[in-house]
Amino acid sequence: MTKHDQILAHIESLPVGDKISVRGIAKMLGVSEGTAYRAIKEAENVGLVSTIQRVGTIRIEKKIKENIKNLTFKEIVKIIEGDVLAGKKGLKKPLDKFIIGAMTEKSMLRYITPGALMIVGDREGVQRLALTHGAAVLLTGGFEVSQDIMNLADKVEMPILRTAHDTFTVGTMINRAISDQMIKKDIVLVEDIQTPESETSYMMTKDTVEDYFKLVEKTGYTRFPVVNKSKRLVGMVTAKDVGDKSLTQSIEKAMTKDPRHAKSHMSVASIGHQMIWDGLEIIPVVEDDLTLVGIISRQDVMRTVQMAQKQPQAAHKLTDHITNQIVEKEMPQNGDAVFTFEVTPQMVNNLGTLSFGVLNQIISSVVRSTMLSRYNFHSIIEQSSLYYFKLIQMDSEIEIRTQVIEVGRRSGKVEVSVYKDNIVSAKAIAVCQLMDPI
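For clarity, every value in this text was computed on a predicted model and none was experimentally measured. (Residues numbered from 1 in each chain as written. Predicted model: local features only at pLDDT ≥ 70, side-chain atom pairs only at ≥ 80, totals over all residues. Heavy atoms only, no water.)

With respect to the overall build of the chain
And step 1. Secondary structure summary: the chain contains 16 helices and 22 strands in total.
And step 2. Total accessible area on the chain is roughly 24300 Å²; 51% of this is exposed by carbon and sulfur atoms. (Helix = DSSP H or I, 4+ residues; strand = E, 2+ residues; numbered from the N terminus. Areas by Shrake-Rupley, 256 points an atom, 1.4 Å probe, with all protein chains shown as cover.)

Below is the structure:
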């Protein structure tokens, strides 16, 4: 184990709440302050410690991000702030849909399916009907349930949940959770498209430039991650790095150190933004401790981002509600794009005027639409500067005009003007990164 690893292991063994320092760690473990500082910074990156102003660096509990693939009844208990009365063996089963028991038992039969959740009050007949047809039961209003019903739930291994909330509130909570889950499924993560480590070509620090050329001939690629003996990423090597080096030179001395890297939980869109701007062809994918787990290529990222922009969304996000109200008018003769937008009550701040957040989303949306319709480019907004703004009242209909100032190989610049009753109400400049034409 390296000194770096020893420090990380020591930090992880400390009780939550302990205060640490570079000098204290260096003295205790007999390492240099530089080594201690680098290890503490990595511990902060992976969530082992946190630096609090006027307090110092504190050992914290590492938060493990849960990625819910399916919405289970166990998750529903957390969402509704409820408890489990019976049928605990069924908590891990996925929720298929929910039904509100506000009709006759005969009418309910057509809606009850295995894996459903019946939301009902103290109607024992409905509770029994749901359980016998493979559905779980959620009691609203904090009602009790009979021992017979609890025994039936244990027998069929479907949970009976209880909450103090009313039926409308519970239905809204669950509907929001299902919608959020659908949105998460729509977002493509790095782990969805990465090439796994087992299929990734990479080099070791002890390899030589001659080994690099052999790997190029074998794979046909010219860019490779470089890892140490623990398979932790330490660099990247390309043809440019080895061009003037002798065949016996070690890759460790020729490589580019501290390369850009991604993590599996990141969104593909955010990595695509980085790859376009920096002109990167591949990015290594690593775990929190920099262990190499694969790579993603620019080509795969661009294809995924473009496909995602073309696909209809399964659930509406806040941005969807905004962009769906933007209507593009016919292109005028000068070639500029013109859009209209109605300021609804959901789009205003507490003063009753169009919020800055909504306005910025409108600007981003019309810029992307302009670049796509005029130049056949998909784009990602890199920077937006709102340099003039007048308050826009609720229920106003505004007109947004875009003028493309310049278009390059990798970026474009667009001026956006917002009009209310033919008077300028806002002006902005947006810079966007351009993807290859579709």
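Details of the packing of helix α6 (residues 124-132) against helix α7 (residues 147-156)
And step 1. At a minimum axis distance of 10 Å, the contact between α6 and α7 shows a crossing angle of 10°. Comparing their axes, α7 and α6 come out roughly parallel. Two secondary-structure elements touch here, α6 through Glu124, Gln127, Arg128, Leu131 and Thr132 and α7 through Asp148, Ile149, Leu152, Ala153 and Val156.
And step 2. Broken down by class, the residue content of the contact of α6 with α7 amounts to 5 nonpolar, 2 polar and 3 charged. (Axes fitted to C-alpha atoms, helices over the stretch in contact; angles between N-to-C directions. Parallel < 35°, antiparallel > 145°, perpendicular 65-115°, else oblique. Contact = heavy atoms within 4.5 Å. Nonpolar A, V, L, I, M, F, W, Y, C, P; charged D, E, K, R; others polar.)

As for the sheet that holds strand β20 (residues 397-407)
And step 1. Spatial ordering of the open sheet is given by β17-β18-β20-β21-β22-β19, a layout of 6 strands whose pairing is antiparallel. The open sheet is flanked by β17 (327-328) and β19 (379-389), the only strands paired with a single partner.
And step 2. Sitting on the sheet, helix α16 (residues 356-375) touches β17, β18 (337-342), β19, β20, β21 (411-420) and β22 (423-434), and the angle it makes with β19 is about 130°. (Pairing = 2+ DSSP bridges.)

What to know about the side chain of Ser396
And step 1. Inspection of the secondary structure puts Ser396 in the loop between β19 and β20.
And step 2. Polar contacts involving the side chain of Ser396 include one to the main-chain carbonyl oxygen of Gln393, which spans 2.7 Å.
And step 3. In this structure, Ser396 is in contact with Phe341, Glu342, Val343 and Lys420, ignoring residues within four places of it in sequence. (Polar contact = N/O pair within 3.5 Å; in protein donor to acceptor, adjacent residues only side chain to side chain.)

Here's the deal with the nonpolar core
And step 1. Ile76, Leu117, Met118, Leu131, Leu138, Ile160 and Ile174 are the most contacted members of the largest nonpolar core, which has 36 residues in total.
And step 2. At the level of secondary structure, the elements contributing two or more residues to this core comprise α4 (73-80), β6 (116-120), α6, β7 (136-139), α7, β8 (160-162) and α8 (167-186).
And step 3. Among the elements that take part in this core, β6 stands out by supplying 5 residues, more than any other.
And step 4. Listed in part, the 29 residues of the second largest apolar core include Ile362, Ile381, Ile398 and Ala426. (Core = buried A, V, L, I, M, F, W, Y, C linked by side-chain atoms within 4.5 Å. Buried < 20%, exposed > 50% of the residue type's maximum accessible area, 1.4 Å probe, protein only.)

Some details on the environment of Phe389
And step 1. Within the secondary structure, Phe389 sits in strand β19.
And step 2. Residue class for Phe389 comes out partly exposed when judged on its relative accessible area of 22%.
And step 3. Taking the C-alpha atoms as reference, Phe389 lies 6.7 Å from Lys427; in sequence the two are 38 residues apart.
And step 4. Phe389 has contacts with Leu354, Phe356, Leu359, Ser425 and Ala426, leaving out every residue within four places of it along the chain.

What to know about the packing of helix α2 (residues 22-29) against helix α3 (residues 33-45)
And step 1. Contact geometry of α2 with α3 gives a least axis separation of 8 Å together with a crossing angle of 115°. As α2 runs across α3, the sense of the crossing is right-handed. Residues Val22, Arg23, Ile25 and Ala26 of α2 form the contact with α3, whose own contacting residues are Glu33, Ala36, Tyr37 and Ile40.
And step 2. Of the residues contributing to the contact of α2 with α3, the split by class is 6 nonpolar, no polar and 2 charged. (Left-handed = near helix turned anticlockwise from the far one by under 90°.)

Details of the pairing of β22
And step 1. Counted residue by residue, β22 has 9 buried out of 12 residues, so it is predominantly covered.
And step 2. Judged from the 9 bridges that link them, β19 and β22 form a sheet pairing that is antiparallel. Bridge pairing in β22 links Leu386 to Ala428.
And step 3. Inspection of the sheet shows β21 paired to β22 by 10 bridges, in the antiparallel sense. Each bridged residue has a counterpart across the sheet, and for Ser411 the counterpart in β22 is Gln433.
And step 4. Hairpin connection between β21 and β22: a loop of 2 residues separates the two successive antiparallel strands, and Asp421 in this loop has a positive phi of roughly 55°.

Comments concerning the pairing of strand β16 (residues 292-297)
And step 1. Along β16, 6 of the 6 residues are buried, which leaves the element largely enclosed by surrounding structure.
And step 2. For strand β9 (residues 195-196) and β16, the ladder comprises 2 bridges, and the chain directions are antiparallel. Pairing of Pro196 across the sheet is with Gly294, part of β16.
And step 3. Alignment of strand β15 (residues 282-286) against β16, held across 5 bridges, turns out to be antiparallel. Bridged to Pro284 within β16 is Ile295.
And step 4. If you look at the hairpin formed by β15 and β16, you'll find 5 residues sitting between the two strands, and Leu290 has a positive phi there, around 75°.

Digging into the packing of aromatic side chains
And step 1. Taken as a whole and assessed by the stated rule, the structure comprises 3 aromatic pairs.
And step 2. With a centroid separation of 5.3 Å and an interplanar angle of 75°, the aromatic rings of Tyr212 and Phe213 are classed as edge-to-face.
And step 3. When its relative accessible area of 2% is taken as the criterion, Tyr212 is described as buried.
And step 4. For the ring pair Phe356 and Phe389, a centre distance of 4.8 Å and an interplane angle of 50° mean the geometry is tilted. Residue Phe356 is located in helix α16, and its partner Phe389 is located in strand β19; the two are separated by 33 residues in the primary sequence.
And step 5. One aromatic cluster in this structure is built from Tyr212, Phe213 and Phe224.
And step 6. Directly above the ring of Tyr419 sits Arg401, whose terminal nitrogen or CZ lies 3.9 Å from the centroid. (Phe/Tyr/Trp six-rings, centres within 6.5 Å; stacked < 30°, edge-to-face > 60°. Lys NZ or Arg CZ within 6 Å of the ring centre and 35° of its normal.)

Points about the confidence of the model for the chain
And step 1. When pLDDT is averaged across the chain, the result is 84; 89% of the residues are at 70 or more.
And step 2. Mean pLDDT per element in the chain: helix α14 (residues 298-310) is the minimum at 70, and strand β11 (residues 224-227) is the maximum at 95. (pLDDT = per-residue confidence, 0-100.)

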